[in-house]
Amino acid sequence: MQWGGLIFAEGYFEAEDRDMALLYVTDHMIEPMAPRDPARLEKHFARYLHRYGSGFHSFEIKIDNGPAVAASLKAAGCKLSAEYGFFFYVRQESTGGVLLEVCETAMPNDPYERPQWHPDWVGIHATTLLRLDHIACITPNLAAALGFFTGLLDGELLADERIVTPQPGRRALVRLADTRVAFVQPDQTDTGPLGSFLTPPTSGIYALVWRVEDVEKAEAFFHKRRMRTTCENCVAGSFAIDPMDFHGARHEFTA
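On a predicted model such as this, the values are computed, not experimentally measured, just so you know.

1. Some words on the nonpolar core
Then, in step 1: Core analysis: the largest hydrophobic core is formed by 45 residues, its most contacted members being Trp3, Phe59, Val90, Leu100, Phe183 and Phe253.
Then, in step 2: Per-element accounting of this core gives the leading share, 5 residues, to helix α4 (residues 142–152).
Then, in step 3: With near-sequence residues (within four places) excluded, Phe59 lies in contact with Val98, Leu99, Leu100, Glu101, Ile135, Cys137, Phe149, Leu176, Val181 and Ile205.

2. What about the pattern of salt bridges?
Then, in step 1: Tallied over the full model, the rule gives 15 salt bridges.
Then, in step 2: A salt bridge links Asp17 to Arg40, with the nearest nitrogen and oxygen atoms 3.9 Å apart. Placement of Asp17 in the loop between β1 (6–13) and β2 (18–25) and of Arg40 in the loop between β4 (33–35) and α1 (44–52) is noted, with a sequence separation of 23 residues between them.
Then, in step 3: On the accessibility criterion, Arg40 (29% relative accessible area) is partly exposed.
Then, in step 4: A salt bridge links Arg175 to Glu156, with the shortest nitrogen-to-oxygen separation between them at 3.0 Å.

3. Notes on the sheet that holds strand β11 (residues 169–176)
Then, in step 1: The sheet built from 8 strands is open, its strands ordered β10-β11-β12-β9-β13-β16-β15-β14 with mixed pairing. Of all strands in the sheet, those with a lone pairing partner are β10 (156–163) and β14 (229–230), marking the two edges.
Then, in step 2: By the bridge criterion, 4 bridges tie strand β13 (residues 205–212) to strand β16 (residues 251–254) in an arrangement that is parallel. Of the residues in β16, the one forming a bridge with Trp210 is Phe253.

4. Points about the layout of surface pockets
Then, in step 1: Of the pockets and cavities examined, the second largest pocket occupies roughly 400 Å³.
Then, in step 2: Forming the walls of the second largest pocket are 22 residues, and the residues nearest its centre are Ser54, Phe197, Ile205, Tyr206 and Gly248.
Then, in step 3: Of the residues forming the lining of the second largest pocket, the biggest block, 3 residues, is contributed by helix α5 (residues 192–198).
Then, in step 4: Taken together, the residues of the lining of the second largest pocket break down into 11 nonpolar, 10 polar and 1 charged.

The rules behind the values
Residues numbered from 1 in each chain as written. Predicted model: local features only at pLDDT ≥ 70, side-chain atom pairs only at ≥ 80, totals over all residues. Heavy atoms only, no water. Core = buried A, V, L, I, M, F, W, Y, C linked by side-chain atoms within 4.5 Å. Buried < 20%, exposed > 50% of the residue type's maximum accessible area, 1.4 Å probe, protein only. Helix = DSSP H or I, 4+ residues; strand = E, 2+ residues; numbered from the N terminus. Contact = heavy atoms within 4.5 Å. Salt bridge = Lys/Arg side-chain N within 4 Å of Asp/Glu carboxyl O. Pairing = 2+ DSSP bridges. 1 Å grid on protein atoms, 1.4 Å probe; cavity = no way out; pocket = protein on both sides within 12 Å on 5 of 7 lines; lining within 4 Å. Points joined across faces, edges and corners; volume = space filled by probe spheres on them. Nonpolar A, V, L, I, M, F, W, Y, C, P; charged D, E, K, R; others polar.

Laid out in structure tokens, this is it:
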């Protein structure tokens, strides 16, 4: 992990033929996953990779009572999958286009639960990385996304504004607990870079947008490691790592 990420768990889930790791980059937990044998299409994650390609699968929120929240969402007409009581997914058609994981249990060995934990440990890293600024999601139906995340969930609407880059549209910024999520709906959902992203199948998660202290130093750090950067199709950052150099996942950076 070239950003100084802190890996605190690794494992293999035989039932899904899936390798995983849990790590923190500043204040944000990330779970990279991959099928051990991508050719085993009878397994869920191999099928997902075959259909969607590499990229962001979903984002996850932690709640207090999984069965109660699941029952409440189903009563409101939401479609859930992979229900295990303490854990479930809310499908894209119920959230405005974003695949959401919901879980009530803490991750094993989570450093966040330790008394000495604080997210500022990376402040001396050469990237000048400070924290996750927000998760950027592209939606074909912003009203539905806001209805779900600020209505059925207790998200707080922080901003609702027009954007012109990378194409005209509307952007709503929502706070969910200690994380901010931006939902962007392009005016034209069938053209332009954001319209192309919305072409099914998609999980709805477009980019992780990171805040850095010095944009030039951050970009120079990635260039020294032969990672290409681009300003093309950025929704919030000054630049992005070329997703082709990051297993299809888009990371943007802003000061």
